[in-house]
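Fold and contact review
Each chain, written out:
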Amino acid sequence: MQLKSDLPQGTLDLLLLKVVALGPVHGYAIAQRLEQVSRHVVQVPQGSLYPALHRLENRGLLAADWKETETGREAKFYRLTGKGRAQLETEAASWERLTEAVALILKLSEGGAE
Amino acid sequence: MNWWQRLLGRGKMEEQLDKEMRFHLEQHANELMASGVSAAEARRRARMALGGPEQVKEECRDARGTRWVEDFWQDLRYAMRMLRQRPGFAAVAILTLALGVGASTVMFTVVNGVLLRPLPYPEPDRLVAVHGHSDNWKAELFGEQNVAYPDFLDCQRESHSLMLAGSLFNGGTISGSGVPEYVDLQQITSNLFSVLRVNLAQGRAFLPEEDRTGAAPVMILGYSFWQRRFAGRLDAVGASLSLDDKRYTVVGIAPSGFRLRDSEPDVMTPLGQDTAKFLQSRGSHPIGVVARLQPSTTLAEAQAELNLIGRHLAEQYKDTNADRTFVARPLRPDVGRIGSTLWLLLGAVGLVLLIACTNVASLLLARAISRERELAMRVALGASRGRLVRQCLTESTVLGISGGVFGVGLAAFGIRPFVALWPGALPRVEEVQLDWRVLLFVLIVSLLSGFLFGLAPALRAPVQKLEQVLRGGGRGVAGSSRRLHSCFVVSELALAVVLLVSAGLLGRTLLHLSSLNPGINIRNVLVARMALSPATLADPAKTRTAWKEVLERARRIPGVQSIATVDTFPMREGDNEQGYWTSADMPPTNELPFALLTSVSADYLKVMGIPLRRGRFFDDHDSLDTTPVIVIDEVLAQNAFGKQDPIGKRLWIPEMGYGSNMFEIVGIVGHVRHWGLAGDDQAKIRAQIYYPFSQLPDSFMHRWSQLMSIAVRTEIPPLGEVASLRSELKGSAGDQVLYEVRTMEQLVKDSLALQRFLLLLFGIFAGLALVLACIGIYGVLAYLTGQRVPEIGIRMALGARPNSVIWLVLRQSLGMILAGVAVGTAAALAAGHVLHQLVEGMQPTAPSTFLLTIPVLTAAALFASFLPARRASRVDPVIALRQD
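It should be emphasised that the depicted structure is a prediction, and the values quoted were computed from it without experimental measurement. (Residues numbered from 1 in each chain as written. Chains lettered and ligands numbered in written order. Predicted model: local features only at pLDDT ≥ 70, side-chain atom pairs only at ≥ 80, totals over all residues.)

**Thoughts on the overall build of chain B**
On a plain count of helices and strands, chain B comes out with 31 helices and 21 strands. The C-alpha radius of gyration of chain B comes to 38 Å, more than 25% above the 29 Å expected for a compact globule of 884 residues. Here the C-alpha coordinates of chain B stretch approximately 135 × 75 × 50 Å along the principal axes. For chain B, buried positions account for 42% of its 884 residues. (Helix = DSSP H or I, 4+ residues; strand = E, 2+ residues; numbered from the N terminus. Rg over C-alpha atoms; globule rule 2.2 N^0.38 Å. Buried ≥ 20, exposed ≤ 12 C-beta atoms within 10 Å, placed from the backbone.)

Laid out in structure tokens, this is it:
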């Protein structure tokens with residue numbers, strides 16, 4: 001398992017919630033979408049994907065149904081619950097606040113060096 | 001899905017998990033194949049990307065949050081399997097624990113029932129007892145002081161924070177239909193049942209208007225009396241009964257188990273109907289008072305109010321109430337001094353339980369060491385240390401709980417016989433039963449003991465030197481376990497020493513006490529309380545004649561040597577204590593020395609066989625018209641007069657109430673152990689004064705006659721005279737009754753009953769401890785020697801003789817035994833101190849006790865270690881060296 005970049009603690013849950021928020025989706029598709037969207041900058045090891053999904057499901061943030069895929073196979077589709085949507089919103093907001101603050105500090109330090 | 005669904009729907013979840021993983025892998029492989037990768041290679045890459053489906057599944061299972069339950073279940077089944085595989089080990093361990101837990105449970109059940117359970121009334125914490133308090137009253141000598149009836153009435157009327165109810169203990173003769181019977185009577189206020197919130201079993205409580213002089217006589221029956229006299233018939237309510245020649249109508253039946261001051265009254269009458277003079281006086285304090293706090297008032301508020309009432313009364317009635325106050329305290333069951341005995345026994349039984357735990361711990365440890373390889377294998381396969389500790393603790397907890405279950409079983413069967421064995425009456429005995437508190441106790445004890453003896457083996461779970469353990473098969477790493485094992489043996493022996501020495505001390509004490517001279521000749525003496533015919537009690541002259549007649553009639557019975565009347569007799573059957581002084585110039589009452597006063601008839605000395613030291617005893621010349629006289633015992637003579645001759649001197653007894661409270665001493669008699677063989681030496685009041693019944697003025701006749709007993713010296717075994725005494729003394733109306741008939745021999749024996757009972761129990765505990773400790777030392781040595789078989793084989797191959805091998809093993813055990821005895825001796829000295837504090841008449845710890853008991857223990861322990869030693873000496877070197 002080579003990581004291109006470490007995923008900051010706790011962000012995996014946020015990413016998963018976001019991906020699932022786009023519509024019901026099964027585990028393999030989530031893995032692929034994460035890979036595409038993050039353009040290979042961060043790699044989520046597939047092994048840690050499922051425990052994270054199950055944890056979110058047990059916390060009631062995700063729900064799951066067994067449905068047929070377009071190829072006619074049965075797969076477990078995850079979807080966002082109301083609770084999950086609320087969680088996504090708070091976490092996304094706090095993430096944005098955090099990144100803005102971090103960016104601000106980084107700029108300050110450059111200014112200070114000049 | 002919630003937690004419970006996840007826990008219970010495990011099978012379905014596993015299936016779905018598997019399906020999800022498979023879907024992922026196949027999907028990935030399909031895509032790879034679509035891009036031209038070969039099928040085998042595609043599957044390989046897909047698996048690589050996912051990173052081992054089993055590990056992923058394992059992590060998903062962790063995410064469910066039900067893991068610990070599943071692990072616990074697994075450990076539990078494993079523990080059961082291990083126990084089933086070794087039924088012998090399991091049986092010994094569980095039996096040992098069951099004995100320990102069972103014995104502790106029995107003791108705790110008694111402690112719980114007698115000391116811990118609240119009073120059996122609704123909202124018992126709102127009930128208080130109200131006592132009188134004055135500086136003259138020595139509560140530490142006489143117990144709490146009761147309240148004068150007029151004072152009680154004032155408090156009851158004026159208090160807004162308390163509902164007060166009172167009761168007065170009395171007695172009387174029930175006559176009329178059936179055999180006349182002397183009964184316990186409680187005179188109660190009409191609100192007593194409502195204050196306690198007790199509902200009557202039948203009928204009604206007294207009405208306020210019945211609680212007055214001149215109201216129609218009514219009566220409530222105690223449940224047992226109702227069952228006895230009326231066989232539980234419902235028409236008892238409304239029936240009419242004659243108590244001391246006065247007809248009463250029964251209006252109600254108290255519920256079963258209803259008690260006042262820890263005794264069930266036979267009958268109850270309204271207190272307010274009694275016209276006795278002492279009830280009108282503020283100077284005598286006979287009323288026991290209970291009260292219930294009014295809603296939303298506190299004890300402190302009630303106390304403040306009582307203080308105020310007390311102060312008002314003190315101003316109003318300076319003669320009687322000058323320094324008198326009233327004290328409210330939470331109402332507690334009256335269990336006397338039994339508490340310390342119970343805690344002592346619970347402590348002793350706790351020691352037995354500790355020994356049992358230690359025993360099982362050493363058994364488990366030995367087994368843990370032989371399982372070291374298995375545990376090392378588990379660690380090698382990825383089990384964490386915490387997981388192994390949990391598994392070991394689960395095993396010991398299973399043992400602990402099974403021991404507890406069997407223990408509760410033992411206790412359930414054992415509790416009734418144990419209570420029946422208790423000497424005398426165990427207070428609150430009806431409360432002694434298995435309840436939730438007891439079950440909680442057992443649960444805690446079982447879990448705790450399981451934890452205690454499981455911890456040592458669990459913490460030994462190997463994590464370091466894995467490789468060594470796996471290769472060496474446990475040999476050569478026994479060093480630390482040997483130390484731990486020795487620790488167990490040492491503490492077991494130490495505990496056993498404590499119990500053995502305590503039993504020895506009790507035995508010595510009992511021997512010493514039994515050899516004491518009670519001060520009377522106890523052979524062939526019968527004592528019984530006696531109630532005269534109620535008709536005679538009304539008239540003092542008739543009462544005097546009636547008592548004379550009793551003495552004369554009894555004297556004529558064949559086999560009766562002598563007879564006397566007496567109000568309180570030895571072995572603490574009642575007592576009357578008063579202050580005295582040797583001159584009229586007296587210090588304040590509370591600084592006076594006290595003595596026991598006994599009113600007797602002329603032949604008392606002859607009946608009891610008390611030696612006359614000097615002067616004379618009473619005779620028929622001592623009458624109302626002659627100088628009031630008394631006879632004192634040696635102790636008072638010594639205390640008050642030292643070397644002077646007391647004969648002809650005078651004593652002033654301020655509370656006596658006749659003869660100007662001044663008495664001439666006419667004789668000195670031997671001291672009698674009034675407080676029992678055990679209690680007399682430490683008793684606070686030992687000095688004794690006898691005064692003649694014949695000199696008591698008329699006003700005393702009624703009260704004294706109610707308290708009177710007869711003592712009879714017989715030529716034949718005294719119980720053989722009971723029938724003829726009863727028939728000869730029943731009086732012309734046939735309503736004079738003898739009750740509480742006993743022999744002095746019984747009473748003396750009973751005065752040591754508690755000591756004897758403690759000795760019996762400590763003997764049993766000590767025996768149990770000895771056996772358990774020997775089993776423990778045997779088990780440990782057998783195990784340790786077993787570990788050393790290869791070493792012994794080498795020694796023997798090199799020429800060691802069997803005797804030196806035996807010595808090798810015995811030396812090891814001797815070290816442990818000596819350490820155990822040393823620790824135990826120190827602890828036993830402390831235990832002896834505790835016993836001295838708690839048991840009456842306890843002899844101080846003497847070296848002889850240690851010299852007698854410790855060799856017994858050492859011999860038993862050596863014997864237990866000799867068996868493994870001999871086995872070791874018979875090791876065949878060839879076989880031993882070939883082992884592993």
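This is not the end of the story, as more comes after the structure.
**Brief notes about the overall build of chain A**
When you go through chain A residue by residue, the secondary structure sums to four helices and three strands. Starting at the N terminus and walking to the C terminus, you meet the elements of chain A as α-β-α-α-β-β-α. Across the 114 residues in chain A, those meeting the buried criterion constitute 24%. For chain A, the share of sequence-separated contacts (at least 6 apart) that also reach a separation of at least 24 residues comes to 55%. (Contact = placed C-beta atoms within 7 Å.)

**Some thoughts on the environment of B:Trp675**
Residue and element names in this part refer to chain B. Tracing the sequence through the fold places Trp675 in the loop between strand E18 (662-669) and helix H23 (676-679). Taking C-alpha positions, Trp675 is 5.2 Å from Met571, a pair spaced 104 residues apart along the chain. When neighbours within four sequence positions are excluded, Trp675 is seen to be in contact with Arg572, Asp680 and Ala683.

**Some remarks on the interface of chain A and chain B**
At the interface, 14 residues of chain A touch 17 residues of chain B. Those elements that place two or more of their residues in the side of chain A that touches chain B are helix H2 (27-37), helix H3 (46-58) and strand E3 (74-80) of chain A. Looking at which element gives the most residues to the side of chain A that touches chain B, the answer is H3(A), with seven residues. In the side of chain A that touches chain B, the residues fall into six nonpolar, five polar and three charged. (Nonpolar A, V, L, I, M, F, W, Y, C, P; charged D, E, K, R; others polar.)

**Digging into unusual backbone geometry**
Residue and element names in this part refer to chain B. In this model, Glu123 sits at a positive phi of 45 degrees, which is unusual for a non-glycine residue. Secondary-structure assignment places Glu123 in the loop between helix H6 (87-116) and strand E1 (127-133). For Glu123, a count of 12 C-beta atoms within 10 Å puts it in the exposed group. Of note, Ser660 is a non-glycine position whose phi angle comes to about 55 degrees, a positive value. Mapped onto the secondary structure, Ser660 falls in the loop between strand E17 (650-652) and E18. For Ser660, a count of 9 C-beta atoms within 10 Å translates into the label exposed.

**What to know about the domain arrangement of chain B**
Domain annotation of chain B identifies domain 1 (3-65), domain 2 (124-330), domain 3 (338-515 + 753-882) and domain 4 (533-735). On a C-alpha basis, the centroid separation for the pair domain 2 of chain B and domain 3 of chain B is 54 Å. (Domains from an automatic or database assignment.)

**Observations concerning the sheet that holds E3(A)**
Think of a sheet as strands paired side by side through backbone hydrogen bonds, with each pair either parallel or antiparallel. Residue and element names in this part refer to chain A. Here three strands make up an open sheet; going across it, the order is E1-E3-E2 and the pairing antiparallel. The open sheet is flanked by strand E1 (25-26) and strand E2 (62-68), the only strands paired with a single partner. Pairing geometry for E2 and E3, over seven bridges, is antiparallel. Bridge assignment links Glu68 to a residue of E3, and that residue is Glu74. (Pairing = 2+ DSSP bridges.)

**Quick look at the nonpolar core**
Ranked by internal contacts, the top residues of the largest apolar core, which has 221 residues, are B:Leu493, B:Ala496, B:Leu499, B:Ala711 and B:Ala769. Residues contacting B:Ala496, with those up to four places away along its chain left out, are B:Ile355, B:Ala769, B:Leu770, B:Ala773, B:Gly824 and B:Leu857. Core analysis: the next-biggest nonpolar cluster, separate from the first, contains 23 residues, A:Ile30, A:Tyr50, A:Leu61 and B:Val56 among them. (Core = buried A, V, L, I, M, F, W, Y, C linked by C-beta atoms within 7 Å.)

**What about helix H15 (residues 385-421) of chain B?**
Side chains three or four residues apart in an α-helix point the same way, a direct result of the helix having 3.6 residues per turn. The terminal C-alpha atoms of H15(B), which comprises 37 residues, lie 50 Å apart, in line with the 54 Å expected from a rise of 1.5 Å per residue. Considering bend angle alone, the principal kink of H15(B) is centred on B:Gly414 and spans about 40 degrees; proline B:Pro417 follows within four residues of it. (Expected span 1.5 Å × (residues − 1). Bend = angle between axes of the 7 residues up to and from the residue.)

**Thoughts on the pairing of strand E7 (residues 246-253) of chain B**
Residue and element names in this part refer to chain B. Pairing geometry for strand E4 (residues 202-203) and E7, over two bridges, is antiparallel. The residue of E7 that forms the bridge with Gln202 is Ile253. As judged from the four bridges shared by strand E5 (residues 218-221) and E7, these two strands associate in the parallel manner. Within E7, the residue paired with Ile220 across the bridge is Gly252. Pairing geometry for strand E6 (residues 240-243) and E7, over four bridges, is antiparallel. Note that in E7 the partner of Leu243 across the bridge is Lys246.

**Quick word on helix H8 (residues 149-158) of chain B**
Buried within H8(B) we find B:Tyr149, B:Asp151, B:Phe152, B:Asp154 and B:Cys155. Packing partners of the buried residues in H8(B) comprise strand E2 (162-175), strand E9 (288-293), helix H11 (299-316) and strand E10 (325-330) of chain B.

**Description of the environment of B:Gly676**
All names here are of chain B. Along the chain, Gly676 turns up in helix H23. Of the residues examined, Gly676 has 25 C-beta atoms within 10 Å and is grouped as buried. Separated by 58 residues in the primary sequence, Gly676 and Gly734 have C-alpha atoms spaced 35 Å apart.

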